[in-house]
Amino acid sequence: MEHPKIQEIVEQQVLTVAKAMEDKLDDEISALDRLDLDDLEALRERRLQQMKKMAEKRSRWISLGHGEYSEIPTEKEFFSVVKASDRVVCHFYRDNWPCKVMDKHLSILAKQHIETRFVKIHAEKSPFLAEKLKIVVLPTLALIKNAKVDDYVVGFDELGRTDEFSTEDLEERLAKAQVIFFEGESSFASKSRAQTRSVRQSSNADSSDSD
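Residues numbered from 1 in each chain as written. Predicted model: local features only at pLDDT ≥ 70, side-chain atom pairs only at ≥ 80, totals over all residues. Heavy atoms only, no water.

Any chance you could explain the pairing of strand S3 (residues 117–122) here in plain terms?
For a regular strand, side chains alternate in direction, first toward one face of the sheet and then toward the other. Counting buried positions along S3 yields 6 of 6 residues, so the element is predominantly enclosed. Residues Arg-117, Val-119 and Ile-121 of S3 are buried on one face, and the alternating residues Phe-118, Lys-120 and His-122, pointing to the opposite face, are buried as well. Where strand S1 (residues 69–71) meets S3, 3 bridges bridge the pair, whose relative direction is parallel. Bridged to Glu-71 within S3 is Lys-120. With 6 bridges joining them, strand S2 (residues 87–93) and S3 adopt parallel strand pairing. (Buried < 20%, exposed > 50% of the residue type's maximum accessible area, 1.4 Å probe, protein only. Helix = DSSP H or I, 4+ residues; strand = E, 2+ residues; numbered from the N terminus. Pairing = 2+ DSSP bridges.)

Below is the structure:
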């Protein structure tokens, strides 16, 4: 006997939410209708300034090496890199299969997330850094913000404990650490998973490092 009452309450709540959303939309439309030419020109100018600032940022990022996945040849250069960029993902690697898998994903993300510098450094040739940052397992990603190591991705433990994790999995982990910009949906979400081969499959055709 109580089910009709429950259904009635739920329907009422749904109607209330719908009405609130409709009222909000009406208010936004009314606000737009009240804009005069000066207001529209001000909005346009503000948008142009935002676009200009973003273009300047992108130009600066590219000049610093953003947009590409590159190798840091020396420990000294590591400090120059992390001081120059606000967000850095540094892959401590050696020449083995797991690190090559990580290379493939990072080379993709470097192009997708130009706001962040993606680099790698040979751990065994960087003993000072490896000891200072307590690098034990390879691969390890040091996630650096404002010249400080803020987080680590150690091996594949957080990526499904398999070398067949997707680039999206790694992207979401980096977004969680706020070392890349990520607004709720993967930058790969528009691509069908059915069309995406695993990194392992693509590596069979080309197992070389991605620099």
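So that's the structure; there's more coming.
Sorry if this is basic, but what is going on with the pattern of salt bridges here?
When the charged atoms of two side chains with opposite charge come close together, those side chains can pair. For the coordinates displayed, the defined rule picks out 8 salt bridges. Among the ionic pairs, Arg-94 bridges to Glu-124, the shortest N-O distance being 3.4 Å. Here Glu-124 lies in the loop between S3 and helix H5 (127–132) and Arg-94 lies in the loop between S2 and helix H4 (97–112), a separation of 30 residues in the sequence. Accessibility expressed as a relative area gives 37% for Arg-94, which makes it partly exposed. With a shortest N-O distance of 2.7 Å, Glu-158 and Arg-173 are connected by a salt bridge. Taken together, the residues span a long stretch of sequence, with Glu-158 in the loop between strand S5 (148–154) and helix H6 (167–176) and Arg-173 in helix H6 at a distance of 15 residues. Residue class for Arg-173 comes out buried when judged on its relative accessible area of 10%. (Salt bridge = Lys/Arg side-chain N within 4 Å of Asp/Glu carboxyl O.)

Help me out: how do you make sense of the sheet that holds S2 in this one?
What links the strands of a sheet is backbone hydrogen bonding, and the strands pair in either a parallel or an antiparallel sense. The strand order across the open sheet formed by 5 strands is S1-S3-S2-S4-S5, and the pairing between neighbours is mixed. The outermost strands of the open sheet, each flanked by one partner alone, are S1 and S5. On average, each strand axis in the sheet is tilted by 25° relative to the strand beside it, whichever way the strands run. (Axes fitted to C-alpha atoms, helices over the stretch in contact; angles between N-to-C directions.)

For this particular structure, what's the right way to read the packing of H4 against H6?
Relative orientation of the contacting elements H4 and H6 amounts to 65°, with a least axis distance of 10 Å. Taken together, H4 and H6 sit at an angle that is classed as roughly perpendicular. Crossing geometry of H4 relative to H6 is assigned as right-handed. For the pair H4 and H6, contact is made by Met-102, His-105, Leu-106, Ile-108 and Leu-109 and by Thr-167, Leu-170, Glu-171 and Leu-174, respectively. (Parallel < 35°, antiparallel > 145°, perpendicular 65-115°, else oblique. Left-handed = near helix turned anticlockwise from the far one by under 90°. Contact = heavy atoms within 4.5 Å.)

Help me understand H4, please; the structure alone is not making it clear to me.
Residues three or four positions apart in an α-helix share a direction because the helix packs 3.6 residues into each turn. With 16 residues, H4 extends 24 Å from end C-alpha to end C-alpha; this agrees with the ideal 22 Å at 1.5 Å per step. The set of residues buried in H4 consists of Cys-99, Val-101, Met-102, Asp-103, Lys-104, His-105, Leu-106, Ser-107, Leu-109 and Ala-110. Two to three positions downstream of the cap, the backbone nitrogen of Cys-99 sits 3.0 Å from a side-chain oxygen, assigning the N-cap of H4 to Asn-96. (Expected span 1.5 Å × (residues − 1). Polar contact = N/O pair within 3.5 Å; in protein donor to acceptor, adjacent residues only side chain to side chain.)

Whenever I open this one, the packing of aromatic side chains confuses me. Can you help?
Aromatic rings considered in pairs are described by the distance between their centres and by the relative angle of their planes. Counting across every chain of the model gives 3 aromatic pairs. Between Phe-78 and Phe-79 the ring centres are 5.5 Å apart and the planes differ by 85°, which places this aromatic pair in the edge-to-face class. Taking the relative accessible area as the measure of exposure, Phe-79 reaches 31% and is therefore partly exposed. Ring centres of Phe-156 and Phe-165 lie 5.1 Å apart, and the angle between their planes is 55°; this geometry places the pair in the tilted category. The class of Phe-156 is buried, set by a relative accessible area of 13%. Overall, Phe-165 belongs to the buried group, its relative accessible area being 3%. Three or more aromatic residues joined by ring pairs make a cluster, and in this case those are Phe-78, Phe-79 and Phe-92. (Phe/Tyr/Trp six-rings, centres within 6.5 Å; stacked < 30°, edge-to-face > 60°.)

The analysis is restricted to geometry; functional conclusions fall outside its scope.
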